[in-house]
Amino acid sequence: MRNRMKKIALVLLAVIFAGIAGGICFGAIDSVAEEELIKATECTFVIPPDFVPGDEMGLFINQNSPMESSTIKYNYYDNGEEKVLTNREKSEMESSGASRLVDESRNLTESIYEKTISAAYKAKYKKDVDFKVSSFDKITVDGYPGYRIDASFQLDDMEKTYQTVYMILSRYRVFTVAYQRAEDDDCQEAFDTSAATIHVR
């Protein structure tokens, strides 16, 4: 029963991570870089057959959940630059200090990513989860720049959890696909096969 609760907690962590990653996308393409990026409207990839839709939009869980805690989480973040704002909306953005949402994802570094995610987890759980980035690589998918980031963390006495995040940048949107698994989940090959099908257009 205890092991089952741990697995459920790991699925919840995948959902929380998706929200944290969204903040990085906006807080981490300067105005010059933004002009160089191509517009994109969608990101597609093949979900492995062992994964089914979860309770949250864009979340796919292992069909054997909660015994298997592996998840796939897809999301995109619109930087707001393509929208026409009303005077009221402009005023609200200015008063909130976000008068122009400038996505600086092109300038993201391993250190910024690790510190931001680690701090967000610590704020959420009131403790250090030992979040560590093991690899941080720049990639290109269908002509769009991005990152492939491998990381791990461990909450309390749970098994170590591994994440592989693909963050792909376009002029107005940042797409993220996050694969997450516990140490004993046997799904890395399925994740790699799925990741090879990621396309942006």
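This text follows the structure it describes.
In short, a report on the structure. Treat the numbers as computed from the prediction; the structure is a model and nothing was measured.

### Considerations on the environment of threonine 140
Along the polypeptide, threonine 140 turns up in strand β5 (residues 132–141). What makes threonine 140 exposed here is its relative accessible area of 59%. Considering only alpha carbons, one finds threonine 140 and leucine 169, 29 residues apart in sequence, at a separation of 9.3 Å.

### Some details on the sheet that holds strand β8 (residues 173–182)
With respect to topology, 7 strands assemble into an open sheet ordered β2-β3-β4-β8-β7-β6-β5, the strand pairing being antiparallel. If you trace the sheet from one side to the other, it starts and ends with β2 (51–53) and β5, each paired once. Strand-to-strand twist across the sheet, computed as the mean angle between neighbouring axes with direction ignored, equals 20 degrees. With 3 bridges joining them, β2 and strand β3 (residues 59–62) adopt antiparallel strand pairing. Bridge assignment links phenylalanine 51 to a residue of β3, and that residue is asparagine 62.

### Let's talk about the pairing of β8
With 10 of 10 residues buried, β8 lies mostly within the body of the structure. Judged by which residues are buried, β8 turns out to be covered on both faces: Arg173, Phe175, Val177, Tyr179 and Arg181 on one side and Val174, Thr176, Ala178, Gln180 and Ala182 on the other are all buried. Taken together, the 8 bridges between strand β4 (residues 71–78) and β8 define a ladder with antiparallel strand orientation. The residue of β8 that forms the bridge with threonine 71 is glutamine 180. Relative to β8, strand β7 (residues 161–169) is paired through 9 bridges, and the arrangement is antiparallel. Within β8, the residue paired with threonine 161 across the bridge is alanine 182. Between the end of β7 and the start of β8, which pair antiparallel, lie 3 residues.

### Things to note about the packing of aromatic side chains
Applying the stated rule across the entire model yields 11 aromatic pairs. With centroids separated by 5.9 Å and ring planes inclined at 50 degrees, the aromatic side chains of phenylalanine 45 and tyrosine 74 adopt a geometry described as tilted. You can see phenylalanine 45 sitting in the loop between β1 (43–44) and β2 and its partner tyrosine 74 sitting in strand β4, a full 29 residues away along the chain. Tyrosine 74 sits in the buried class, given a relative accessible area of 19%. Aromatic pair tyrosine 76 and phenylalanine 175: ring centres 6.3 Å apart, planes at 45 degrees, arrangement tilted.

Calculation rules
Residues numbered from 1 in each chain as written. Predicted model: local features only at pLDDT ≥ 70, side-chain atom pairs only at ≥ 80, totals over all residues. Heavy atoms only, no water. Helix = DSSP H or I, 4+ residues; strand = E, 2+ residues; numbered from the N terminus. Buried < 20%, exposed > 50% of the residue type's maximum accessible area, 1.4 Å probe, protein only. Pairing = 2+ DSSP bridges. Axes fitted to C-alpha atoms, helices over the stretch in contact; angles between N-to-C directions. Phe/Tyr/Trp six-rings, centres within 6.5 Å; stacked < 30°, edge-to-face > 60°.

These figures come from the coordinates and say nothing about function on their own.
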